[in-house]
Amino acid sequence: NIGRCATASNNGLKNVATATGNKVTVSQNLVDEGPTAGVKLVAVGFQFGSGEVEIVNSGSEFPYLNRASGSKDFTQLGLLPGEFVFIGGDSAATQFATAANNGFARVRSVTATRITFDKTSALMVTDAGATKTIQIFKGRVLKNEIGTDIVRRSYRLERRLGVSDPAQPTLEQAEYVRGAVPNEFSFNYSAADKLTCDLSFIGLSAEAIDEAVTGTLLSKVGGVVLVAAPEASAFNTSSDISRVSLRPVSATSAFTTPLFTYSEEISVTINNNNSPNNAIGVLGAFEITAGTFEVGGDITAYFGNVAAVQAVQNNADISLDIIQVKDNSGIALDVPLIALGGGRLNVEQDQPIKIPLESNAATAAKIASTLNHTLMIVFYDYLPNLAG
């Protein structure tokens with residue numbers, strides 16, 4: 001996918017024909033254009049050859065995308081177990097004829113000739129694919145890791161505090177928090193609203209600057225050029241949510257019956273349980289210690305049947321995923337294994353029955369050794385219109 005070119009026809013989804021160290025040739029026509037700031041070239045998926053892949057679902061195992069012909073090695077696609085992909089493009093030639101075989105699906109495992117799926121959008125059926133040139137879309141993956149694969153980043157945060165001297169309105173004050181490490185994050189979904197997120201940090205120390213006093217420009221404090229948060233369109237919880245799924249975990253079925261059809265509120269929270277290390281003679285903290293990575297949340301769903309209540313009582317293994325799509329891009333959250341709490345029905349006269357649920361996540365290694373994470377987020381730089 002190419003984005004932000006000055007010439008509109010140069011943007012969008014393109015098929016790579018060849019690629020060398022400094023040149024990418026695409027199958028579509030492009031228009032000559034000089035360098036433009038902000039142009040981005042991102043690999044967003046793969047298009048298989050005519051009749052190269054098929055869907056197989058015997059009913060006794062998870063469905064899978066099978067290499068029916070050709071020699072493409074599926075391990076070269078860079079897919080990870082637990083990652084959601086989207087199957088099918090916008091043209092009939094790039095999607096399976098059976099609608100149930102298109103849509104979001106979670107990758108369970110990958111071999112050279114087979115991609116096995118679970119948590120599919122519908123009950124997949126065997127489909128030979130005929131002469132289709134099937135497209136599959138993937139994103140950038142973020143998940144909690146273990147051991148040396150854990151990466152910690154710290155930031156310098158700026159908090160603008162206004163002006164101290166009204167006679168000098170262009171000279172501002174600000175506080176700078178150094179060594180700030182992300183600690184808590186939450187996704188908040190409410191009916192008929194915008195998706196909101198809350199993020200908190202724990203920092204090592206802070207410094208206050210007043211341009212009118214020090215003459216130091218806020219934009220160049222400590223020799224660091226501060227970066228403004230990028231502008232982006234908001235996700236609307238009424239029209240931009242492609243999928244909300246709270247389903248029992250199955251060892252053989254990729255499409256289990258959901259515990260509810262509609263929900264009023266959902267929150268997914270992440271906590272690193274960081275704590276500052278304070279010491280005598282040190283202003284602030286000298287280091288931050290990371291604790292146990294935790295994922296939890298709350299759900300208020302509309303009651304349909306007693307399955308959700310029984311799932312709480314039986315301490316059943318449950319999985320949650322939420323996918324939002326807007327303007328041909330999207331975000332998928334997958335919590336592969338959670339235990340539900342709460343579940344006491346809220347019954348009021350003349351009101352719909354609601355069921356409040358609490359969720360606590362754990363690594364899904366007990367389900368599959370390759371699902372040894374608690375949360376995976378996939379950021380899609382491009383998705384077809386079909387995904388929305």
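Residues numbered from 1 in each chain as written. Predicted model: local features only at pLDDT ≥ 70, side-chain atom pairs only at ≥ 80, totals over all residues. Heavy atoms only, no water.

Focus: the overall build of the protein
Next, step 1: Looking only at helices and strands, the protein has 2 helices and 25 strands in total.
Next, step 2: Here the C-alpha coordinates of the protein stretch approximately 75 × 65 × 45 Å along the principal axes.
Next, step 3: Here the protein holds 388 residues, and 39% of them are scored as buried.
Next, step 4: Look at the contacts in the protein between residues 6 or more apart in sequence, and 66% of them connect residues 24 or more apart.
Next, step 5: Here the protein displays about 20500 Å² of accessible surface, and carbon together with sulfur accounts for 52% of that area.
Next, step 6: Within the protein, one finds 28 positive and 37 negative side-chain charges whose respective centroids are separated by 6 Å. (Helix = DSSP H or I, 4+ residues; strand = E, 2+ residues; numbered from the N terminus. Buried < 20%, exposed > 50% of the residue type's maximum accessible area, 1.4 Å probe, protein only. Contact = heavy atoms within 4.5 Å. Areas by Shrake-Rupley, 256 points an atom, 1.4 Å probe, with all protein chains shown as cover. Lys, Arg positive; Asp, Glu negative; His and termini not counted. Charge placed at Lys NZ, Arg CZ, Asp CG, Glu CD.)

A closer look at the layout of surface pockets
Next, step 1: Of the volumes computed, that of the second largest pocket is approximately 630 Å³.
Next, step 2: Along the walls of the second largest pocket sit 24 residues, with Lys14, Val16, Val44, Gly45 and Phe46 positioned nearest its centre.
Next, step 3: Counting only elements with at least two residues in the lining of the second largest pocket, the list comes to β3 (24-26), β5 (45-47) and β11 (135-137).
Next, step 4: Among the residues forming the lining of the second largest pocket, the class breakdown is 14 nonpolar, 7 polar and 3 charged. (1 Å grid on protein atoms, 1.4 Å probe; cavity = no way out; pocket = protein on both sides within 12 Å on 5 of 7 lines; lining within 4 Å. Points joined across faces, edges and corners; volume = space filled by probe spheres on them. Nonpolar A, V, L, I, M, F, W, Y, C, P; charged D, E, K, R; others polar.)

Looking at empty space enclosed by the protein
Next, step 1: Enumeration over the complete set of coordinates arrives at 2 cavities of 30 Å³ or more.
Next, step 2: Taken as a whole, the largest cavity holds about 140 Å³ of empty space.
Next, step 3: Lys119, Pro248, Val249, Ser250 and Ser253 are the residues nearest the centre of the largest cavity, which is lined by 16 residues in total.
Next, step 4: Of all elements in the fold, only β9 (103-110) and β17 (241-248) reach the threshold of two or more residues within the lining of the largest cavity.
Next, step 5: A breakdown of the residues in the lining of the largest cavity according to their chemical character gives 7 nonpolar, 4 polar and 5 charged.
Next, step 6: Together, Val268, Val295, Gly296, Leu320, Val335, Ile338, Ser359 and Ala361 line the second largest cavity.
Next, step 7: Of all the elements in the fold, those that place two or more residues in the lining of the second largest cavity are β21 (294-302), β23 (329-342) and β24 (354-361).
Next, step 8: Of the residues contributing to the lining of the second largest cavity, the split by class is 6 nonpolar, 2 polar and no charged.

Some thoughts on a nonpolar patch on the surface
Next, step 1: Where nonpolar side chains cluster on the molecular surface, the patch consists of Val16, Val24 and Leu41 and spans about 280 Å² of accessible area.
Next, step 2: Here Val16 shows up in strand β2 (residues 16-19).
Next, step 3: A relative accessible area of 54% places Val16 in the exposed class. (Patch = residues over 30% accessible without salt bridge, like charges linked within 9 Å, V, L, I, M, F, W, Y side chains within 5 Å. Salt bridge = Lys/Arg side-chain N within 4 Å of Asp/Glu carboxyl O.)

Quick look at the environment of Gly304
Next, step 1: Mapped onto the elements, Gly304 comes out in the loop between β21 and α2 (307-313).
Next, step 2: Remark: the alpha-carbon pair of Gly304 and Lys354, spanning 50 residues in sequence, is separated by 8.8 Å.

Some details on the environment of Phe46
Next, step 1: With respect to the helices and strands, the residue Phe46 is situated in strand β5.
Next, step 2: Once the C-alpha coordinates of Phe46 and Gln135 are considered, the two residues, 89 residues apart in sequence, prove to be 5.8 Å apart.
Next, step 3: Other than its neighbours up to four places away in sequence, Phe46 contacts Lys72, Leu77, Ile134, Gln135 and Ile136.

Considering the sheet that holds strand β6 (residues 53-56)
Next, step 1: Ordered in space as β5-β11-β8-β9-β10-β7-β6, the 7 strands form an open sheet in which the pairing is antiparallel. With one partner strand each, in any of the chains shown, β5 and β6 form the two edges of the open sheet. With direction set aside, neighbouring strand axes in the sheet form an average angle of 35°.
Next, step 2: By the bridge criterion, 3 bridges tie strand β7 (residues 64-67) to strand β10 (residues 114-118) in an arrangement that is antiparallel. Across the sheet, the residue bridging to Tyr64 is Thr116, located in β10. (Pairing = 2+ DSSP bridges. Axes fitted to C-alpha atoms, helices over the stretch in contact; angles between N-to-C directions.)

Points about the nonpolar core
Note that soluble globular proteins tend to have their nonpolar side chains buried in a common cluster.
Next, step 1: Core analysis: the biggest nonpolar cluster contains 29 residues, and Leu246, Leu259, Val268 and Leu340 have the highest contact counts within it.
Next, step 2: Put simply, the parts of the chain that give this core at least two residues each are β14 (172-190), β18 (263-271), β21, α2, β22 (318-326), β23 and β24.
Next, step 3: Per element, the largest residue contribution to this core is 5 residues, and it comes from β23.
Next, step 4: In contact with Leu340, not counting residues within four places along its chain, are Leu246, Leu259, Ala311, Val312, Ile318, Leu357, Glu358 and Ser359.
Next, step 5: Ranked by size, the runner-up nonpolar core spans 17 residues in total, among them Phe48, Val53, Ile55 and Ile136. (Core = buried A, V, L, I, M, F, W, Y, C linked by side-chain atoms within 4.5 Å.)

Some points on the pairing of β18
Next, step 1: Where β14 and β18 come together, 7 bridges link them in antiparallel fashion. Its bridge partner lying in β18, Glu184 is registered against Asn271.
Next, step 2: As judged from the 8 bridges shared by β18 and β21, these two strands associate in the antiparallel manner. What sits directly across from Asn271, in β21, is Glu294.

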